[in-house]
Amino acid sequence: MARRNRGRGRRVGLTVALAVAGLVAAGTAPAGAAPAGGPATPAQKVALTRTNRTCDGVMIDGDLPTPLGQAVVTRPASGKLVVSVSVTGASPDTTYAIRVIQLLPGDTDCHGISGYLTTDSLGGGRASVQETVLPGASQAWVDLNATDDFTNFLDSEPVGF
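Remember, predicted model here, so these are calculated numbers, not experimental data.

Asks: Teacher, can you tell me more about the sheet that holds strand 1 (residues 41–48) here?
Replies: Here we have 4 strands laid out as an open sheet, ordered 1-2-3-6, and antiparallel in their pairing. Both outer strands of the open sheet, strand 1 and strand 6 (125–132), are each paired with one neighbouring strand and no more. If you compare each strand with its neighbour and ignore which way they point, the axes differ by 15 degrees on average. When strand 1 meets strand 2 (residues 69–75), the two strands line up antiparallel, connected through 6 bridges. What sits directly across from Thr-41, in strand 2, is Arg-75.

Asks: Which parts of the structure should I look at to understand the environment of Gln-139?
Replies: Looking at where Gln-139 falls in the secondary structure, it is placed in strand 7 (residues 139–146). Sequence separation between Gln-139 and Gly-57 is 82 residues; the distance between their C-alpha atoms is 9.4 Å. With sequence-adjacent residues up to four places away left out, Gln-139 is seen in contact with Ile-101, Gln-102, Leu-103, Pro-158, Val-159, Gly-160 and Phe-161.

Asks: Would you explain the confidence of the model for the protein in this entry?
Replies: Interpretation of this model should avoid reading the predicted coordinates in detail wherever pLDDT is low. Summary statistics for the protein give a mean pLDDT of 79 and a share of 75% for residues scoring 70 or more. For the protein, per-element mean pLDDT is lowest for helix 1 (residues 2–25), which scores 39, and highest for strand 5 (residues 115–118), which scores 98.

Asks: Could you clarify how one ought to interpret the environment of Gly-123 in this entry?
Replies: For Gly-123, the location among the structural elements is in the loop between strand 5 and strand 6. Take Gly-123: its relative accessible area is 0%, and that puts it in the buried class. Once the C-alpha coordinates of Gly-123 and Val-87 are considered, the two residues, 36 residues apart in sequence, prove to be 7.3 Å apart. Those residues in contact with Gly-123, other than ones at most four positions away along the chain, are Val-87, Thr-88, Gly-89, Ala-90, Ser-91 and Pro-92.

Asks: So what exactly am I meant to see when it comes to the state of the cysteines here?
Replies: By definition, a disulfide links the sulfur atoms of two cysteine residues through a covalent bond. Throughout the structure, instances matching the rule amount to 1 disulfide. One disulfide bridge connects Cys-55 with Cys-110, the sulfur atoms lying 1.8 Å from each other. Across the disulfide from Cys-55 to Cys-110, rotation about the S-S bond amounts to roughly -110 degrees, and the bridge is consequently left-handed. Taken together, the positions of Cys-55 in the loop between strand 1 and strand 2 and Cys-110 in the loop between strand 4 (95–103) and strand 5 put the pair 55 residues apart, joining distant regions of the chain.

Asks: Looking at this structure, I do not really get the pairing of strand 4. What am I missing?
Replies: Where a strand is regular, its side chains alternate between the two sheet faces. Among the 9 residues of strand 4, 8 are classified as buried, and the element is accordingly described as predominantly covered. In this structure, strand 4 lies alongside strand 5, joined through 4 bridges in antiparallel fashion. Within the sheet, the bridge partner assigned to Thr-95 lies in strand 5 and is Thr-118. Sheet analysis places strand 4 next to strand 7, joined by 8 bridges and oriented antiparallel. Pairing of Leu-103 across the sheet is with Gln-139, part of strand 7.

Asks: Mind showing me how you'd approach the pattern of salt bridges here?
Replies: Between side chains of opposite charge, a pair can form as their charged atoms come close. Under the counting rule described, the total for this entry stands at 1 salt bridge. Here Asp-143 makes a salt bridge to Arg-99, at a shortest N to O gap of 2.6 Å. One end of the pair, Asp-143, is in strand 7; the other, Arg-99, is in strand 4, and 44 residues separate them in sequence. Per residue, the accessibility class of Asp-143 equals that of Arg-99, and both read buried.

The rules behind the values
Residues numbered from 1 in each chain as written. Predicted model: local features only at pLDDT ≥ 70, side-chain atom pairs only at ≥ 80, totals over all residues. Heavy atoms only, no water. Pairing = 2+ DSSP bridges. Helix = DSSP H or I, 4+ residues; strand = E, 2+ residues; numbered from the N terminus. Axes fitted to C-alpha atoms, helices over the stretch in contact; angles between N-to-C directions. Contact = heavy atoms within 4.5 Å. pLDDT = per-residue confidence, 0-100. Buried < 20%, exposed > 50% of the residue type's maximum accessible area, 1.4 Å probe, protein only. Disulfide = S-S within 2.5 Å. Salt bridge = Lys/Arg side-chain N within 4 Å of Asp/Glu carboxyl O.

Right under this line is the structure:
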């Protein structure tokens, strides 16, 4: 009889292991497991101004000028960070590099370019970019720099995601 109980225990263990493997293969995590890519966060709207910031998001200039646009930052559950940018009253007929600067503990690098936005003759424009959320990042800010003049920029304040 002892053999039957041991055999039955192995079958139950195997059944549980197969069930968990099936859930993982189907993209459904077992209860208590963290979802891949982290939880989704709601869209956050933040103003774009000519306020200068260091790479870690700290404001250099102490004055917040008039907003010239906005960025909407969203983190869908896919592990991506999606940023939609719109500007009005920026420099006309100008191409801006868009950088989504994710804040990491101890990191002072402004990271690479995520995309570009070119304004029309009135200084208006829209663009959307996305990038993978960096491990350890929980905040980001958006920087637009004119590709032909680094002193022509628009920045947002950091937002959590």
